[in-house]
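Each chain, letter by letter, is given below.
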Amino acid sequence: MKKLILSLVFLLAVGVSFINASSNDEVLPNSKEAIEVVEEFGCASDCVSWAKERVFEIAYDANQHPNDEPLYMGIYMRDYSLCYKVKC
């Protein structure tokens, strides 16, 4: 009898967890504002990639690694800021 009760409790707990896992109350915004936010992140991501590539090119030409000198972080920030102001 004890095993039967424990089995029923286990089945009830598993069933409740499946019900909670399958419910989806999340509502995704479907508006122009949400789309614009995604576009802004895309633009910023493009600027990050461009500035990073440029810094690596400059460092490669100087036979250095960008992580070795703090100068390259300044160049990266300058290029990123300029790109973001112009394109975004």
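These figures come from a predicted structure and were not determined experimentally.

How each quantity is defined
- Residues numbered from 1 in each chain as written.
- Predicted model: local features only at pLDDT ≥ 70, side-chain atom pairs only at ≥ 80, totals over all residues.
- Heavy atoms only, no water.
- Core = buried A, V, L, I, M, F, W, Y, C linked by side-chain atoms within 4.5 Å.
- Buried < 20%, exposed > 50% of the residue type's maximum accessible area, 1.4 Å probe, protein only.
- Helix = DSSP H or I, 4+ residues; strand = E, 2+ residues; numbered from the N terminus.
- Contact = heavy atoms within 4.5 Å.
- Phe/Tyr/Trp six-rings, centres within 6.5 Å; stacked < 30°, edge-to-face > 60°.

With respect to the nonpolar core
- Ranked by size, the top nonpolar core spans six residues in total: Ala-51, Val-55, Ala-59, Tyr-72, Ile-75 and Tyr-76.
- Elements that contribute at least two residues to this core include exactly helix H2 (32-61) and helix H3 (71-87).
- Ala-51 has contacts with Tyr-76, Asp-79 and Tyr-80, leaving out every residue within four places of it along the chain.

Focus: the side chain of Asp-79
- Within the secondary structure layout, Asp-79 lies in helix H3.
- Asp-79 sits in the buried class, given a relative accessible area of 3%.
- The contact partners of Asp-79, leaving out residues within four places of it in the chain, are Trp-50, Ala-51 and Arg-54.

Re the environment of Cys-88
- Its location among the elements puts Cys-88 in the segment after H3.
- Accessibility expressed as a relative area gives 43% for Cys-88, which makes it partly exposed.
- Beyond its immediate sequence surroundings of up to four residues, Cys-88 is in contact with Cys-43, Ala-44, Cys-47 and Cys-83.

Some points on the packing of aromatic side chains
- One pass over the full model with this rule turns up two aromatic pairs.
- Ring plane angle 15° and centroid distance 6.3 Å describe the contact between Tyr-76 and Tyr-80, whose orientation is recorded as stacked. Here Tyr-76 and its partner Tyr-80 are both found in helix H3, four residues apart, which amounts to about one turn of the helix.
- Through successive ring pairs, a cluster of aromatic residues spans Tyr-76, Tyr-80 and Tyr-84.

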